[in-house]
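Inside the fold
One-letter residues, chain by chain:
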Amino acid sequence: MLEGTPAGIGVLDTELRYLYVNPALARMNGVLAEEHLGRTIAELLPGIDAREEVLRAVLADGRPREVTSSGHTQAASPLARRYWHGAYHRLEQGGRTTGLVGIVLEVTASRQQQHELEQARNRLALLDGAATRIGTTLDMDTTCGELADFLIPQLADAATVEVLPHPDSHHARPRPGGSLRLRRAAMAARPDLIEQVRVLGPQGEYVDYQPGSTIPRCLAGGRTIIENLLSDEEFGRSAPNTERVAIYRAIGIHSGMVVPLAARGHRIGTVTLMRVGDSPAFTRDDAVAAQDLARRAAISLDNARRYTREHTVAVDLQRALLAVPGAPHPDLAVAFRYRPAGTSALVGGDWYETIALPDGRTLLAIGDVMGHGLEAAAEMSHYQAMLGAMARMEPSADLLLRRMDDLACRVHEYRPSTCLVAYVDPVRGRYSFASAGHLPPAVVRPDGTVELLPIEPGPPLGTGLGGYLPADAELPAGHTLLLFTDGLVERRGEDIDESLRRLTALRLSPGAGPAELLDAVLAEAPSPAEDDIALLAAAAVAPGTV
């Protein structure tokens with residue numbers, strides 16, 4: 001049985017010298033059975049942590065024990081470390097301790113499986129934490145910062161995130177000498193290292209990486225690169241330029257890992273992890289965890305990049321359309337303001353317009369196309385054009401809205417849009433209104449107090465429901481009309497009546513002109529706002545004034 005069992009069995013004397021080993025143990029140790037005899041474990045296998053103190057305890061008290069040892073025997077193995085589990089029993093004869101017997105099984109495979117399982121669990125826990133901390137906004141630099149911060153101290157002592165410039169940017173043009181330019185979008189480090197790491201350069205700086213350095217190689221090959229315990233010469237080749245070597249040494253950086261950031265077939269940039277001082281070198285397990293995080297962050301970064309591109313186009317379009325509204329008649333002073341929402345929301349379809357009519361009245365209008373993004377901003381322009389075409393054909397606000405609603409449904413099926421229209425005759429102080437689902441206008445009295453005008457809203461434009469009611473008001477000199485979109489007052493989870501009460505509670509500067517009033521109103525709005533804000537203020541101009 002001893003000769004045939006796959007378990008390694010050895011008999012040791014009281015000095016822990018081998019008296020017998022079976023063939024299985026001889027194979028494990030990589031030493032012939034007869035060469036074991038008379039030698040201790042430490043003499044025969046110096047690369048093994050044999051836990052001799054446990055074996056001596058078995059000899060001392062006779063209580064069997066199990067122990068796991070690790071290291072390398074003289075048997076060839078590609079493994080970085082091997083593990084064995086042994087059970088040891090004291091041998092006695094005639095009441096006298098004669099030695100002990102050990103039964104040993106190699107458990108390297110199960111330990112490896114256990115290690116891999118633990119690593120998988122750790123990576124899942126890491127990714128679970130990353131899901132709540134990386135990609136919380138649609139701002140690219142914020143996402144880069146969240147990634148860099150998350151890596152500290154989980155995987156690195158310091159980390160930077162570099163992104164490729166937009167292809168249309170002049171920074172993306174070929175660099176002299178074939179270097180590659182990236183922008184350092186984020187940087188993070190342990191609190192005790194942050195001041196030293198800042199010597200590398202400020203966040204937002206463009207850095208040119210020499211040909212063959214680590215980051216260009218990482219991007220070209222699309223693979224993670226680990227560089228541990230580099231010499232100065234190796235550091236000089238991997239760094240952006242050779243001047244960086246002295247800085248790296250001063251910080252104490254000894255190991256680096258560069259992981260590519262790519263999503264949907266597009267290169268985004270890289271994340272660089274650094275270890276300093278007594279921290280261990282990077283391992284393949286570290287690389288797997290970093291790559292998992294990089295893949296997740298890259299999706300968020302790509303979403304942010306796509307959003308930023310569309311948001312920029314939409315904001316530019318909206319601002320271009322709102323930049324030069326029509327001029328009112330000289331007897332009416334008008335001011336406009338537009339503030340886009342914060343980075344967490346797409347640009348909306350807020351719009352306003354001013355048209356001087358042939359009969360001496362001025363038409364004021366403000367609206368909000370439902371939805372967000374480039375399409376909403378584009379359809380905003382259609383409603384503006386429609387208003388300009390219809391304004392001179394209809395004598396009243398309610399008929400104008402009815403015509404626009406019919407046209408929006410029959411001609412193009414536009415997205416619905418709220419709209420508030422006011423026909424203003426400042427000489428007589430007469431104002432005629434109609435609302436297509438828009439919030440009521442406000443009036444700022446000469447003393448700076450604010451009140452809302454009771455305008456009954458009809459359905460939004462583009463619904464085909466019609467039913468717009470006219471409303472008239474007389475505003476004496478010194479009163480200013482205020483038209484606004486819902487971004488000024490609405491708050492998530494708050495009743496709209498409460499939101500409007502906040503507006504009427506404002507106390508503005510008495511006698512202020514339209515522009516000053518709008519600045520004061522915007523100063524009370526949250527920044528960044530949850531939604532776009534468009535404002536229009538109008539006040540009668542006294543004869544003989546400018």
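All of the points below concern the structure found in this document. (Residues numbered from 1 in each chain as written. Predicted model: local features only at pLDDT ≥ 70, side-chain atom pairs only at ≥ 80, totals over all residues. Heavy atoms only, no water.)

Moving on, we get to the overall build of the chain. The number of helices and strands found in the chain is 15 helices and 22 strands. Computed over the C-alpha atoms, the radius of gyration of the chain is 38 Å, more than 25% above the 24 Å expected from 2.2 N^0.38 for a compact globule of 546 residues. Referenced to the eigenvectors of the C-alpha coordinate spread, the extents of the chain come out at roughly 125 × 55 × 45 Å. Taking all 546 residues of the chain together, the buried fraction comes to 49%. (Helix = DSSP H or I, 4+ residues; strand = E, 2+ residues; numbered from the N terminus. Rg over C-alpha atoms; globule rule 2.2 N^0.38 Å. Buried < 20%, exposed > 50% of the residue type's maximum accessible area, 1.4 Å probe, protein only.)

Take the pattern of salt bridges next. Overall, the coordinates contain 29 salt bridges when judged by the stated rule. The salt bridge involving Glu498 is made with Arg501; its shortest N-O contact spans 3.0 Å. Here Glu498 and its partner Arg501 are both found in helix α14 (residues 496-504), 3 residues apart, which amounts to about one turn of the helix. A relative accessible area of 47% means that Arg501 is categorised as partly exposed. Here the salt bridges do not stand alone but share partners, grouping Arg264, Asp302, Arg305 and Arg306 into one network. (Salt bridge = Lys/Arg side-chain N within 4 Å of Asp/Glu carboxyl O.)

By secondary structure assignment, the location of Glu530 is in the loop between α15 (514-523) and β22 (533-540). For Glu530, a relative accessible area of 38% gives the class partly exposed. Sequence separation between Glu530 and Ala341 is 189 residues, and the spatial gap between their C-alpha atoms is 5.6 Å.

A few words on unusual backbone geometry. A negative phi angle characterises most non-glycine residues, just as the trans form characterises most peptide bonds. Between Ile152 and Pro153 the backbone carries a cis peptide bond, its omega angle lying at -5°. Looking at where Pro153 falls in the secondary structure, it is placed in helix α6 (residues 140-154). In this model, Leu16 sits at a positive phi of 65°, which is unusual for a non-glycine residue. Of note, Leu16 is situated in the loop between β1 (8-12) and β2 (18-21). Look at Arg51: it is not a glycine, yet its phi comes out positive at around 55°. Exposure remark for Arg51: the relative accessible area of 28% places this residue in the partly exposed category.

Attention now goes to the sheet that holds strand β3 (residues 65-71). Two strands in a sheet stick together by hydrogen bonds in their backbones, pointing the same way (parallel) or opposite ways (antiparallel). Taken in spatial order, the 5 strands make up an open sheet running β2-β1-β5-β4-β3, and their pairing is antiparallel. Single-partner strands in this sheet number two, and they are β2 and β3. Adjacent strand axes in the sheet meet at a mean angle of 25°, parallel and antiparallel pairs treated alike. Two elements, β3 and strand β4 (residues 82-93), share 7 bridges in a ladder whose sense is antiparallel. Paired with Ser70 across the strands is Tyr83, a residue of β4. Packing against the sheet, helix α4 (residues 52-61) makes contact with β1, β3, β4 and β5 (96-106), and its axis sits at approximately 20° to β4. (Pairing = 2+ DSSP bridges. Axes fitted to C-alpha atoms, helices over the stretch in contact; angles between N-to-C directions. Contact = heavy atoms within 4.5 Å.)

Time to look at the pairing of strand β15 (residues 417-425). Across the 9 residues of β15, 9 count as buried, placing the element largely inside the fold. Side-chain alternation along β15 places Ser417, Cys419, Val421, Tyr423 and Asp425 on one buried face and Thr418, Leu420, Ala422 and Val424 on a second face that is also buried. Pairing of β15 with strand β16 (residues 430-436), which is carried by 7 bridges, proceeds in the antiparallel orientation. Along β16, the bridge assignment pairs Val421 with Ala434. With antiparallel pairing between neighbouring strands as the criterion, β15 and β16 make up a hairpin whose turn holds 4 residues, including Gly429 at a positive phi of roughly 70°.

Let's shift gears to helix α10 (residues 244-251). Taken together, the buried positions of α10 are Arg244, Val245, Tyr248 and Ile251. The arc enclosing the buried residues of α10, seen along the axis, measures out at 130°, which places them on a common side. Relative to its buried face, α10 has exposed residues pointing more than 90 degrees away, namely Ala246 and Ala250. On its buried side, α10 packs onto β7 (180-189), α7 (194-197), β8 (206-209), α9 (232-238), β10 (253-263) and β11 (266-276). Immediately beyond the C-terminal end of α10, within one or two residues, lies Gly252, with a positive phi of roughly 100°. (Arc of directions from axis to C-beta.)

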